[in-house]
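Chains, contacts and geometry: an overview
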Amino acid sequence: MVTSGALAIAPIADAEVVAVAALWQRCGLTRPWNDPTSDIAFARKGPNSAVLVGRDGNAIVASVMVGHDGHRGWVYYVAVDPDHRQKKYGRVVMDAAENWLRQRGIEKLMLLVRSDNTKVQAFYEQLGYDAQERVIYAKWLDGREPTP
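Nothing here was measured: the structure is a model prediction, and the numbers come from that model.

Observations regarding the pairing of strand 3 (residues 49–56)
- Burial within strand 3 is extensive, with 6 of its 8 residues counted as buried.
- Bridge count between strand 2 (residues 7–11) and strand 3: 5 bridges; the pairing is antiparallel. Across the sheet, residue isoleucine 9 finds its bridge partner in strand 3, namely glycine 54.
- The sheet contact formed by strand 3 and strand 4 (residues 59–68) spans 8 bridges and is antiparallel. Bridging from a neighbouring strand, valine 51 pairs with methionine 65 of strand 4.
- What sits between the antiparallel neighbours strand 3 and strand 4 is a turn of 2 residues, in which glycine 57 has the positive phi angle 70°.

Brief notes about the packing of aromatic side chains
- Within this structure, the stated rule accounts for 4 aromatic pairs.
- Measuring from centroid to centroid gives 3.6 Å for tryptophan 24 and tyrosine 77, while their planes differ by 10°, and the two rings are stacked. Of this pair, tryptophan 24 sits in helix 1 (residues 17–26) while tyrosine 77 sits in strand 5 (residues 73–80), placing them 53 residues apart in sequence. The burial state of tryptophan 24 is the same as that of tyrosine 77; both residues are buried.
- Their ring planes at 65° and their centres at 4.9 Å tell us that phenylalanine 123 and tyrosine 124 sit as a pair that is edge-to-face.
- Relative accessible area serves as the criterion here: at 25%, phenylalanine 123 is assigned to the partly exposed category.
- What links up through ring pairs into an aromatic cluster is the set Phe123, Tyr124 and Tyr129.

Points about the nonpolar core
- Leu7, Leu52, Val66 and Val75 are the most contacted members of the largest nonpolar core, which has 24 residues in total.
- Elements with a minimum of two residues in this core: strand 2, strand 3, strand 4, strand 5 and helix 3 (89–102).
- A per-element tally of this core places helix 3 first, with 8 residues.
- In contact with leucine 52, other than residues within four places in its own chain, are Ile9, Ala10, Pro11, Ala62, Ser63, Val64, Val66, Ala96, Ala97 and Trp100.
- Of all hydrophobic cores here, the second largest spans 14 residues; its members include Val20, Val53, Met65 and Tyr77.

As for the pattern of salt bridges
- For the coordinates displayed, the defined rule picks out 6 salt bridges.
- With its nearest N and O atoms 2.7 Å apart, the salt bridge here joins arginine 55 to glutamate 16. Pair noted here: arginine 55 is in strand 3 and glutamate 16 is in the loop between strand 2 and helix 1, with a separation of 39 residues, a long-range link.
- What makes arginine 55 buried here is its relative accessible area of 14%.
- On the accessibility criterion, glutamate 16 (14% relative accessible area) is buried.
- Aspartate 142 is the partner of arginine 144 in a salt bridge, and the nearest nitrogen-oxygen pair spans 2.9 Å.
- On the accessibility criterion, arginine 144 (39% relative accessible area) is partly exposed.

Rules used throughout
- Residues numbered from 1 in each chain as written.
- Predicted model: local features only at pLDDT ≥ 70, side-chain atom pairs only at ≥ 80, totals over all residues.
- Heavy atoms only, no water.
- Buried < 20%, exposed > 50% of the residue type's maximum accessible area, 1.4 Å probe, protein only.
- Helix = DSSP H or I, 4+ residues; strand = E, 2+ residues; numbered from the N terminus.
- Pairing = 2+ DSSP bridges.
- Phe/Tyr/Trp six-rings, centres within 6.5 Å; stacked < 30°, edge-to-face > 60°.
- Core = buried A, V, L, I, M, F, W, Y, C linked by side-chain atoms within 4.5 Å.
- Contact = heavy atoms within 4.5 Å.
- Salt bridge = Lys/Arg side-chain N within 4 Å of Asp/Glu carboxyl O.

Following this line, the structure appears as structure tokens:
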């Protein structure tokens, strides 16, 4: 476990899955086509990804899902409980994700932000991230129709 001020960061425990999924829902990060508990289980299957949880005392107030493909690191589900914002917890969990990747020799971190989410774009810009011009293609391998 790593502690930064009032926030202690550690990998998610089995008993915390439901609470973390609820945090993601409170933060508006979930989508109908992605079951958060399945995403957590999948991230925990192997050594190339993890879900890190930030605790303020006994309360889970922040999280980040981090992983890599052997070349680039990715983060998803960066969340800070709305009642605990403005405490720099977002920066703390992003630092934890960056360190997790550095420890595995990954030199570049990528992330996706929806184009209309300007508040979150500003957050990442404050952390030193740059927007890069890309076109993203996606395909559901189970035959589902495209999602927004």
